[in-house]
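Each chain, letter by letter, is given below.
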Amino acid sequence: MTVVSMTVNGKSVSADVEARTLLVHYIREALGLTGTHVGCDTSQCGACVVHVNGRAVKSCAMLAGQAEGAEVVTVEGLAKDGELHPVQKAFREHHGLQCGFCTPGMIMTAVDLIRRKPQLDEQTVREELEGNICRCTGYHNIVKAILAASEEMR
Amino acid sequence: MSDLSEQGVGKPVRRKEDFRFITGNGHYTDDISRPHQTHGYFLRSPHAHAKIRKIDTRAALAAPGVIAIFTGKDIAADKLGGLICGWTVHSKDGSAMKVGPHPVLALDTVRYVGDHVALVVAETHEEAKSAAELIEVDYEELPACVSLADCEKPGAPQVHPEAPRNTCFEWELGNKAETEAAFAKAAKVVKLDLVNNRLIPNAMEPRAAIGEYDKGTGGYTLHTTSQNPHVARLVLSAFVGVAPEHKLRVIAPDVGGGFGSKIFIYAEETACVWAAAKVGRPIKWTAERSESFMSDAHGRDHLSHAELALDANSKILGLRVKTIANLGAYLSTFSAAVPTYLYGTLLSGQYDIPAIYVEVDGVYTHTAPVDAYRGAGRPEATFLIERIVETAARETGLDPAEFRRRNFVRAFPHQTPVIMNYDAGNYDASLDKAMEIADVKGFAARKAEAARRGKLRGLGYSTYIEACGIAPSAAVGSLGAGVGLWESAEVRVNPTGNVEVLTGSHSHGQGHETTFAQLVSSRLGIPIDQIEIVHGDTDKVQFGMGTYGSRSGAVGMSAIVKALDKVEAKAKKIAAHLMEAAVEDIVFQEGRFTVQGTDKSLAWAEVSLAAYTAHGFPSNEIEPGLKEGAFYDPTNFTFPAGCHICEVEIDPETGVLEIANFVAVDDFGTIINPMIVEGQVHGGIAQGVGQALLELGVYDGESGQLVTGSFMDYCMPRADNVPSFRLGFTKTECPSNPLGMKGCGEAGAIASPPAIINAITDALGIRDIEMPATPARIWKAIQSSRPRAAAE
């Protein structure tokens, strides 16, 4: 067992876990933050995307130990002072979610995408979502929501 | 006070459920942990077909953290029943379908890769998984029957001794003699062989279960990823015998998509809830995605031969169809119904076809069970009829839209030769509107322009019909269903006037918490945030049939309407008493009870409170309280219909395809929330695009190994595989339910595949291409059609 410490959603956290523990399991099981989801076992679906030091990362493709000392933000930490993030608002406003399972990963990916590429167009959004699978929405309204949020945040 | 006019029926109300999902506060089964829970892991068969000679669990039992290991023998010793198929189909000769037993854990034979061999229970998931590797199973490998085309042939390996030639049933529907007579007088016969490709549902939330047992009460609780928790409880109690129904609580909390795959009662949740009593602690199991691929029920997988008889004016005289439908290794919960009563009954499409005869052989193979997947039988029927109609149009030289118009049903009700009685529709209207949105008039110019760029452009139609609501109980009962298909609702009005609505429908992405609340808001004149929709818990909702077959609006909401009728009637009685008026004089409008022709009135909340204070009620006339329930059984199926038009552009050098335009015009009858309905159509079309272009469940023909067992190998639609869709709606109200609703959940997946394939065959000038039409298949089709084109 290894003690792994990091900052998650602005709070210092620490947990004693097996060395093989993935970051996603550390977040879900050790910290009880179940907003981050596991949808596959091959790092394809993107339901587990969180931010590590400001960048979108698939938390199933990283050991908890690799995030030692890092600043991690999960979907639970996105809203500030009770105010939803513009991307969260846009997903609701544009019906960018149905069952909600892929949503945390989609939102975290979108926030990072808008940060990296403030000038977005539909084709870019579609290509950038390559690593996030949604089975419900046909992506139509996810794309709309991300474009709207990007416009809002410009 | 919120503006109620913006919250009611017909408005694009933003979803009530979204807040918890966008903030990470949903409660899916795997998010739940029970005190002292253990973890279950299933050892699965690595072979498609093998005898189990011996299972040695000694080393595994000694591994760290292991609490118990269960095999099929333990389940048999406990006299637990097997998993069932709830729909009995009969063969042409009148005999019932031949059912091979489906043990919860394999007893002496494994029949597909992923079949359940043992349940390991340990302190952690990792310990259970590691210990499973220490179980020694002595298998005698046997040849596997994988090929659908060959499985009924002599010498094919047998899946179940109960079903000779692997044939579960040889079903027929329609009139054979009349159909043969129609073909005898035909001016032209069009023939087509079709493959409806095997799909793997892949809801994004993998299946999961937590079984627990309370020694003190003898009660069991099962949290599970289910679309119909009450049906799960009924099957687990009445058929499997895990616990009596009143001692089993099934909870389906937030469920991350289903698409049919979470209707069924599977081995995993059954074993977890059963074994929880044995170990005396809760057992949690969550599927890894590889397990979902192996053991979720798959969809489609048909081989068909179809023939269409035409007269000299291209009027359809008859249709005959022979289909072999893969059922997999065991019958799943509703699998027998899917390729029969949900398929053959829709083969008339939107067309007036005087004679239809369809034969379906349901067959066993050494592959995962096949059952309902979004559309369930109706996509297979629509693909067949829309592909052969398009082919017939091209071969008779008629414009495909004109060919369809010559054959549309225009008088309602319309009795087809295959059971269904279409109650309402306007197929010209949806075709017209789709052609307008798709700018079909401008297609020739776009095709010419694409040709100048060296690209091939094609246009394809699909004018579909489906049957939803599933429903009515008497009809499905006469066709072999083991259950009634009504729905229940209960409206509980609290003393302060807010309302809880308990429904037997289950939401796993459809937004019932919003749409159902919109209905209640419109009816009672209270804002939607004062209405709670309660679902998914057998301890709260008395009974319900669940959500599938696009039935929650047409059937589930109709039950709510009936319960609201009763609530209103009782509330009027109370209002009449309070205002000393005759009940006939009470008018209820916009949340107020008024004595007609006077200024005397009471607000909804005043009457609600009075219902519970009950002061001065004439006790023989008014009972205290305000709570009413209803069961609603529809009088007919509903018939959503419409037209999808797809335009594709293909690069002949690479076979790469782009969907240049996709238009869907649907007639769903009354729409409660257009935003949610559009979302349902988008998602359905994307799954149809997946079937037509990307997805294929592949088993190795020899070994029966699942080749497409992960998202690395099975091509799910990504955001850049689909375009933005262009939608339109037409409306004919459904006459068979009080809201005039038809259902919208499956139309996209049903209608889109033939539109796409029709567009590809149009672009390439070929007769057929098999789904999924991948770039490799398209490129090959171009190569093989080139020399012929040159020779011509």
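Above this text you will find the structure in question.
All chains use their own residue numbering, which begins from 1 and follows the written sequence. Each chain is given a letter, starting from A, and each ligand a number, starting from 1, according to the order in which they appear as written. It should be noted that, the model being predicted, local features are given only for residues of pLDDT at least 70 and side-chain atom pairs only at 80 or more, the latter also being counted only at that level, while totals for whole chains, interfaces and linings use all residues.

### With respect to the overall build of chain A
Counting from the N terminus, the helices are DSSP H or I runs at least four residues long and the strands are E runs at least two residues long. Looking only at helices and strands, one finds five helices and five strands in chain A. It is over C-alpha atoms that the radius of gyration is taken, and the globule rule equals 2.2 Å times the number of residues to the power 0.38. Computed over its C-alpha atoms, the radius of gyration of chain A comes to 15 Å, within 12% of the 15 Å expected for a compact globule of 154 residues. Oriented by its inertia axes, the alpha-carbon framework of chain A measures out at about 45 × 35 × 25 Å. Within chain A, buried positions represent 57% of all 154 residues. Whether two residues are in contact depends on their C-beta atoms, placed from the backbone: they are in contact if these lie within 7 Å. Of the contacts formed within chain A by residues at least 6 apart in sequence, a portion of 60% connects residues at least 24 apart. Note on burial: count the other C-beta atoms lying within 10 Å of the residue's C-beta; 20 or more is buried, 12 or fewer is exposed, in between is partly exposed, and C-beta positions come from the backbone.

### Some remarks on the nonpolar core
Take the buried Ala, Val, Leu, Ile, Met, Phe, Trp, Tyr and Cys residues, join any whose C-beta atoms are within 7 Å, and the set you get is a nonpolar core. Ranked by internal contacts, the top residues of the largest apolar core, which has 301 residues, are Val 120 and Ile 560 of chain B. If near-sequence neighbours (up to four positions away) are discounted, Val 120 of chain B is found in contact with Gly 40, Tyr 41, Leu 43, Ala 60, Val 66, Ile 69, Ala 128, Ala 131 and Ala 132 of chain B.

### So, the pairing of strand S18 (residues 456-465) of chain B
Residue and element names in this part refer to chain B. In terms of burial, S18 is largely enclosed, as ten of its ten residues are buried. Neither face of S18 is open: one carries Leu 456, Gly 458, Gly 460, Ser 462 and Tyr 464, the other Arg 457, Leu 459, Tyr 461, Thr 463 and Ile 465, and all of them are buried. Note: two strands are recorded as paired if DSSP finds a minimum of 2 bridges between them. Summarising the sheet, S18 and strand S26 (residues 641-650) pair through ten bridges and their orientation is antiparallel. Note that in S26 the partner of Thr 463 across the bridge is Cys 643.

### Let's talk about the sheet that holds strand S1 (residues 2-8) of chain A
Residues and elements named next belong to chain A. Pairing is mixed across the open sheet formed by five strands, whose spatial order is S2-S1-S5-S3-S4. Bordering the open sheet on either side are strand S2 (11-17) and strand S4 (55-58), each of which pairs with just one other strand. Recorded for the sheet is a direction-independent mean angle of 40 degrees between the axes of neighbouring strands. Of the pairings in the sheet, the one linking S1 to S2 comprises seven bridges and is antiparallel in character. Directly across from Val 4, in S2, lies its bridge partner Ala 15. For helices, the axis comes from a line fit to the C-alpha atoms of the stretch in contact; other axes are also lines fit to C-alpha atoms, and the angle between any two N-to-C directions lies between 0 and 180 degrees. Sitting on the sheet, helix H1 (residues 23-30) is in contact with S1, S2 and strand S3 (49-52), with an inclination near 100 degrees to S2.

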